[in-house]
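# Breakdown of the fold
These are the residues of each chain, in order.
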Amino acid sequence: MKVKVQTLDAKASGDIELNDEIFAVEPRADILHRVVTWQLEKRRGTARGARERSDVARTGKKFGRQKGGGTARHGDRRAPNFIGGGKAHGPRVRDFNPSLNKKVRALGLKMALSSKAKDGKLVVLDTLTVKEAKTKALLSQIGKLGFGNTTLVIDGDMVDNGFALASSNIPKLNVMPAVGANVYDILKHETLVLTRAAVEKLEARFNG
């Protein structure tokens, strides 16, 4: 698949050949759903459990007479209504640690990239180098490139520092290095922007 490469000034900068095995895979909703669900579950922390009545280390001996004591007929001090007693209907330990085959994860990322290419929402830039790290100047350049309402920009090993500073004040534009590319963020944004370096890193990631 051949795609036109642009500069940040919206000028032509040649073409780039994208690997069809990565950028021309037919997307499947079930695979994408599985990968996104796995990603979101992996983000959840382990829920802490509370000690309930059976977990509290206190005596189970009946501490008062059944009749004549002038108090309620309690059985033991582990009851939730006593200080130091167990928690009534407390939270249980839940460990969110799902597993998903590496091949399915890799296929999901290929399909996410392919879906953007198929919909015409993939933009390839030469580099992210800016003359000055100013948000106003970057906004005018982005307007020429025709980005969507939300945009994800992926660079090579590291994001250009000037571009990162200039884009930090733009609310619907997110930037990350190629190593952080993931299905959820790609599908979440309307437009996907890759640099030449990002394309090389992503293709090496699948071939390595």
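For the structure, check the block above.
Before going into details, it helps to say that this report is about the structure given with it. (Residues numbered from 1 in each chain as written. Predicted model: local features only at pLDDT ≥ 70, side-chain atom pairs only at ≥ 80, totals over all residues. Heavy atoms only, no water.)

### Re the packing of aromatic side chains
- In this structure the tally under the stated criterion is zero aromatic pairs.
- Positioned above the aromatic ring of F82, the side-chain terminus of R77 is 4.7 Å from the ring centre. (Phe/Tyr/Trp six-rings, centres within 6.5 Å; stacked < 30°, edge-to-face > 60°. Lys NZ or Arg CZ within 6 Å of the ring centre and 35° of its normal.)

### As for the pairing of strand β6 (residues 191-195)
- Most of β6 is tucked away: five of the five residues are buried.
- Residue alternation in β6 divides its side chains into two sets, T191, V193 and T195 and L192 and L194, and both sets are buried.
- In terms of strand pairing, strand β3 (residues 122-125) meets β6 through four bridges, oriented parallel. By the bridge assignment for β6, L125 is matched with T195. (Buried < 20%, exposed > 50% of the residue type's maximum accessible area, 1.4 Å probe, protein only. Helix = DSSP H or I, 4+ residues; strand = E, 2+ residues; numbered from the N terminus. Pairing = 2+ DSSP bridges.)

### Focus on the packing of helix α3 (residues 102-118) against helix α7 (residues 196-207)
- Interhelical geometry of α3 versus α7 gives an angle of 150 degrees and a closest axis separation of 11 Å. In terms of their interaxial angle, α3 and α7 are classed as roughly antiparallel. Judged by the sense of rotation from one axis to the other, the crossing of α3 with α7 is left-handed. For the pair α3 and α7, the contacting residues are A106, L109, K110 and L113 in the first and L202, R205 and F206 in the second.
- Classifying every residue of the contact of α3 with α7 gives five nonpolar, no polar and two charged. (Axes fitted to C-alpha atoms, helices over the stretch in contact; angles between N-to-C directions. Parallel < 35°, antiparallel > 145°, perpendicular 65-115°, else oblique. Left-handed = near helix turned anticlockwise from the far one by under 90°. Contact = heavy atoms within 4.5 Å. Nonpolar A, V, L, I, M, F, W, Y, C, P; charged D, E, K, R; others polar.)

### Structural notes on the layout of surface pockets
- Roughly 170 Å³ of volume is contained in the largest pocket.
- Lining of the largest pocket is provided by V35, W38, Q39, R105, A106, L109, K110, A181, N182, V183, R205 and F206.
- Those elements giving two or more residues to the lining of the largest pocket turn out to be α2 (29-43), α3 and α7.
- By residue number, the principal contributor to the lining of the largest pocket is α3, which donates four residues.
- When the residues that make up the lining of the largest pocket are grouped by side-chain class, the tally is seven nonpolar, two polar and three charged. (1 Å grid on protein atoms, 1.4 Å probe; cavity = no way out; pocket = protein on both sides within 12 Å on 5 of 7 lines; lining within 4 Å. Points joined across faces, edges and corners; volume = space filled by probe spheres on them.)

### Considering α3
- Compared with an ideal rise of 1.5 Å per residue, which puts 17 residues at 24 Å, α3 spans 24 Å between its outermost C-alpha atoms and is within 8% of the ideal.
- Residues of α3 that are buried: V104, G108, L109, M111, A112, L113, S114, S115, K116 and A117.
- Close packing links the buried residues of α3 with α1 (20-23), α2, β3, α6 (183-188), β6 and α7.
- Here α3 starts with a cap whose side-chain oxygen sits 2.8 Å from the backbone nitrogen of K103, and that cap is N101.
- Once α3 finishes, G120 follows within two positions and takes phi at roughly 75 degrees, a positive value. (Expected span 1.5 Å × (residues − 1). Polar contact = N/O pair within 3.5 Å; in protein donor to acceptor, adjacent residues only side chain to side chain.)

### Quick word on the sheet that holds strand β1 (residues 2-6)
- On the basis of which strands lie adjacent, the open sheet formed by six strands has the order β2-β1-β3-β6-β4-β5 and mixed pairing. Only two strands of the sheet have a single neighbouring strand rather than two, namely β2 (12-17) and β5 (173-177). The mean inter-strand angle of the sheet, taken between neighbouring strand axes irrespective of direction, is 30 degrees.

### A short note on the pattern of salt bridges
- Overall, the coordinates contain eight salt bridges when judged by the stated rule.
- For E26, the salt bridge is made with K118, and the minimal N-O distance between the two is 2.9 Å. With E26 in the loop between α1 and α2 and K118 in helix α3, this residue pair connects regions lying 92 residues apart in the sequence. Per residue, the accessibility class of E26 equals that of K118, and both read exposed.
- D126 is paired through a salt bridge with R196; the nearest N and O atoms lie 3.0 Å apart. Within this pair, whereas D126 is found in the loop between β3 and α4 (135-145), its partner R196 is found in helix α7, the two being separated by 70 residues in sequence.
- On the basis of relative accessibility, which here comes to 24%, the residue R196 falls in the partly exposed class. (Salt bridge = Lys/Arg side-chain N within 4 Å of Asp/Glu carboxyl O.)

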